[in-house]
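Residue-level structural notes
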Amino acid sequence: MRKIFLAVLAVMIMMCGAAGADIIYTTESGNMGLIEITEDGVSAPAVKYSGAGSNAFVGTYWDGEDTRVILIERSPESYDRALVFSQSNMTTPVGDYVELDGVKDTRAVANSLYGTSIYFASYGSSSLCEFDTENFTPRNSYIHEQENSRDIYPHHVVGVRTDYRYVYALIDVSPYRSLYLRFDGTLERDKEAFYSDEIDSSTSSMAQTGSGLMFACSDGVKYFGRDGLAYAVSSDSPVKSICADDGSGFYFMTQYQSGDVSFDVIAHYSSGTSTISEHESGSVSMLVKDTNYSVLAAVTGGKILLYDMEDDTLIAEYDSTELGGVPVCVSVRSALGNTNDTSGGNCNISAAGVIVFVALMIMKRRK
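So, here's what we can say about the structure. Since the structure is predicted, the reported quantities are computational estimates derived from the model, not experimental observations.

**Considerations on the overall build of the protein chain**
For the protein chain, the count of helices and strands is three helices and 30 strands. Looking at the protein chain as shown, the accessible area adds up to about 17,300 Å², and 48% of this sits on carbon and sulfur atoms.

Printed below as a string of structure tokens:
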């Protein structure tokens, strides 16, 4: 009976902010496109917006009521700027450009639970920046300073994630070392919630999996266990991207060099590691997943590949001609969060109460 209740409860949670989780992408030619995924299959890519710039980042965030798509024109020199779209209309922005003061060359975004804040991992300014989702005014920020004058390597914030309590940042400080930081919403080091730990390798990204927070490192996939940092998977080649599967495992992509050519290897770790495919690398190597229909999207070799996560078979492959350009970034068209208006929205109390009531009635009748 407990399994029934948990299953129904999971459906209830998914209703809070989870809509269609189709694949969004950007291209070097400045296009933002969409690949729709349904029970009937996968649609052909469709360009929805043009003029995004050659190095545009695309992501999603929860604004307290709905998922928003954010298209960021990245710049290593000046501050980034962004356009915001409704997930139901990706052809027309909801307003003018918003200036992201303090943010340079965005590498990741994450939202607060109730969607009042959005956080940016700013690679170029080595900072973690928080903005109000209503009008994109800056709130808090953390700038990571180099530790001493002998520190010859530039520091870069390469990842940000959030959960119900904390904001997590991943900082690459050298080819041999990274830092993992945990904050409360103020992004201050002198608060009780702050925590810092060292990762003894260069780290490109992190992902929340069923087994906890995982890190894509230059020598494998690592996580913090009870006894500190540990290997989930060791590798002779750097891990470029990592993505959770539908259980307690994960997918990861390594990259190795053979002569003058580099290759991406997509692998799946569950009870063990299995190689899914290998491809000549392109300018971007990246993994994301569509949770609704268990589809893994991989950017490799200038293409987007889609895999069925139930058996890791290839179900679609799109090249630059079909995509409207060489892919630069990929995301899913959904973001999770709780509504900040209990009287309505996508997950109001009355709807949640009905679902829980039904679950309890099922349990009672089965006893």
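**Details of the layout of surface pockets**
Approximately 260 Å³ is the volume found for the second largest pocket. Around the second largest pocket sit 18 residues that line it, and Y61, D63, T133, E134 and F136 are the ones nearest its centre. Among the elements that line the lining of the second largest pocket, the one with the most residues is strand 8 (residues 81-86), at three residues. Class assignment of the residues belonging to the lining of the second largest pocket gives a composition of seven nonpolar, five polar and six charged.

**With respect to a nonpolar patch on the surface**
On the surface, a cluster of nonpolar side chains totalling about 360 Å² of accessible area is made up of I152, Y153 and Y176. Along the chain, Y176 turns up in the loop between strand 15 (167-174) and strand 16 (177-183).

**Observations concerning the nonpolar core**
Membership of the largest hydrophobic core comes to 29 residues, with the highest contact counts inside it found for M32, L100, F120 and F136. Those residues in contact with M32 that lie beyond four places of it in its chain are I24, Y25, T26, A46, V47, K48, Y49, V58, V69, L71, F85 and M90. Within the second largest apolar cluster, 17 residues are counted, among which are A121, L128, V157 and V160.

**Focus on the sheet that holds strand 30 (residues 327-332)**
As summarised here, the arrangement of the four strands in space is 5-2-1-30, forming an open sheet in which the pairing is antiparallel. The strands lining the two open edges of the sheet, one partner per strand, are strand 5 (46-50) and strand 30. Sheet twist, expressed as the mean angle between neighbouring strand axes with direction ignored, is 25°. Bridge analysis of strand 2 (residues 31-35) against strand 5 gives four bridges, and the strand direction is antiparallel. By the bridge assignment, L34 is partnered in strand 5 with A46.

**Notes on the side chain of S127**
In this fold, S127 is placed in strand 12 (residues 127-132). Reaching out from S127, the side chain makes a polar contact with the backbone oxygen of G102 at a distance of 3.4 Å. Among all residues touching S127, those that are not within four sequence positions of it are G102, F120, A121, S122, Y142, I143 and V157.

**Notes on the packing of aromatic side chains**
Per the counting criterion, the structure on display carries 15 aromatic pairs. Ring geometry for Y180 against F224: centres 5.3 Å apart, planes inclined by 35°, an arrangement best described as tilted. Residue Y180 is located in strand 16, and its partner F224 is located in strand 20 (residues 220-225); the two are separated by 44 residues in the primary sequence. Assessed through its relative accessible area of 9%, Y180 is described here as buried. Relative accessible area serves as the criterion here: at 25%, F224 is assigned to the partly exposed category.

The rules behind these values
- Residues numbered from 1 in each chain as written.
- Predicted model: local features only at pLDDT ≥ 70, side-chain atom pairs only at ≥ 80, totals over all residues.
- Heavy atoms only, no water.
- Helix = DSSP H or I, 4+ residues; strand = E, 2+ residues; numbered from the N terminus.
- Areas by Shrake-Rupley, 256 points an atom, 1.4 Å probe, with all protein chains shown as cover.
- 1 Å grid on protein atoms, 1.4 Å probe; cavity = no way out; pocket = protein on both sides within 12 Å on 5 of 7 lines; lining within 4 Å.
- Points joined across faces, edges and corners; volume = space filled by probe spheres on them.
- Nonpolar A, V, L, I, M, F, W, Y, C, P; charged D, E, K, R; others polar.
- Patch = residues over 30% accessible without salt bridge, like charges linked within 9 Å, V, L, I, M, F, W, Y side chains within 5 Å.
- Salt bridge = Lys/Arg side-chain N within 4 Å of Asp/Glu carboxyl O.
- Core = buried A, V, L, I, M, F, W, Y, C linked by side-chain atoms within 4.5 Å.
- Buried < 20%, exposed > 50% of the residue type's maximum accessible area, 1.4 Å probe, protein only.
- Contact = heavy atoms within 4.5 Å.
- Pairing = 2+ DSSP bridges.
- Axes fitted to C-alpha atoms, helices over the stretch in contact; angles between N-to-C directions.
- Polar contact = N/O pair within 3.5 Å; in protein donor to acceptor, adjacent residues only side chain to side chain.
- Phe/Tyr/Trp six-rings, centres within 6.5 Å; stacked < 30°, edge-to-face > 60°.

In short, shape yes, function no, at least from these values alone.
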